[in-house]
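Structure at a glance
Now for the letters of each chain:
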Amino acid sequence: MTSANHHPSDEVLSDFAQGRLSTGMSVALSAHIELCQSCRQRSSELESREIVAWLQADQMQPSASPDFSGMLDLITSQPQMTGEAVVEPDREPAPLVSEIHMLDHSITLPRVLAKAASKGLVWHKLAGGINQAQVQIDNETQCEFLYMTPGSQVPVHRHQGNEITLVLDGGFEDEFGHYGPSDFVVRDRRDQHQPSTEEGCLCFAVLDSPLTFTSGLARLFNPINNYRFRRATSQRY
Ligand SMILES: [Zn+2]
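Residues numbered from 1 in each chain as written. Predicted model: local features only at pLDDT ≥ 70, side-chain atom pairs only at ≥ 80, totals over all residues.

**Let's talk about the nonpolar core**
For the record, the criterion: We define a nonpolar core as a collection of buried residues of the types Ala, Val, Leu, Ile, Met, Phe, Trp, Tyr and Cys that are connected via C-beta atoms lying within 7 Å of each other. Exposed residues have 12 or fewer other C-beta atoms within 10 Å of their own C-beta, buried residues have 20 or more, and residues in between are partly exposed; the C-beta atoms are placed from the backbone. Numbering of helices and strands runs from the N terminus; a helix is a DSSP stretch of H or I covering at least four residues, while a strand is a stretch of E covering at least two. Domain extents, as shown, originate in an automatic or database domain assignment. Contacts here follow a simple rule: the backbone-placed C-beta atoms of the two residues must lie within 7 Å.
Judged by nonpolar contacts, the single largest core of 41 residues is most densely connected at Ala28, Leu166, Cys203 and Phe204. Secondary-structure elements contributing two or more residues to this core are helix 1 (10-17), helix 2 (23-35), helix 5 (111-116), strand 5 (142-148), strand 7 (163-170), strand 10 (184-187) and strand 12 (201-207). Built from parts of two domains, this core gets at least three residues from each of domain 1 (10-77) and domain 2 (101-232). If we skip the residues at most four places from it in the chain, Phe204 touches Ala28, Ala31, Leu113, Phe145, Leu166 and Leu168.

**A look at the sheet that holds strand 10**
Each strand in a sheet pairs with its neighbour through backbone hydrogen bonds, running either in the same direction (parallel) or in the opposite one (antiparallel). Condition: In this description, strands pair whenever DSSP reports at least two bridges between them.
An order of 3-4-5-12-7-10 is seen for the six strands of this open sheet, with the pairing classed as antiparallel. The open sheet has two edge strands, strand 3 (124-125) and strand 10, and neither has a second partner. With four bridges joining them, strand 7 and strand 10 adopt antiparallel strand pairing. Counterpart to Thr165 in the pairing with strand 10 is Val185.

**Digging into the pairing of strand 4 (residues 130-135)**
Note on strand geometry: in a regular strand, side chains alternate between the two faces of the sheet. Direction of pairing for strand 3 relative to strand 4: antiparallel, over a ladder of two bridges. Of the residues in strand 4, the one forming a bridge with His124 is Gln132. Counting the residues between successive antiparallel strands, the hairpin from strand 3 to strand 4 contains four residues, one of them, Gly128, with a positive phi of roughly 75°. Pairing geometry for strand 4 and strand 5, over six bridges, is antiparallel. When the sheet's bridge partners are listed, Asn131 is paired in strand 5 with Tyr147.

Quick look at the structure:
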């Protein structure tokens, strides 16, 4: 596993620990954490800190502090679970799509992305050698696997909100740097950029608002981008 060079900030990890991220963003972050040992460690440190802060806040409000001994009594008085787990025979779990097959090799997906892809990936060719397979994760974000063929580039664009890109294979570059496997790249409304790739790149991208192409004929696609975002997030206007 290649170690990442670009990681989520402490602010993003903390938002994740407190459940403040959309499900789509959380999926991208969970996938990075699965691939990145340092973020796994940092994330559990931040979670511990949140728990300590929560406990301390509770201690400062005696009336609100939970009755742990009462809770323990309640838990130990519950009947013990016995017998077999309940199985619902009509509900077969969807098979996990654990790999994406490229021309000459296969990419093993982080578990959370395997689950996201388990409904099946339908690839669409977009302009400029970009291939896209959307997955529905929540109603707030547009989530998709993107495969950029070698030598391709996305038209220069800016964002109305946030874009998270997790590189799964290969790499791409933009005005801010080069990104390789496991890298977690965040762009926001301040950034205008043009991703391109020499070697080809498979990534997972999450948008919380439509992107806006800012130059040339690509600007004609902006209404389509808005439509795609609304369709991906099931928003109706
Ligand atoms: Zn990391």
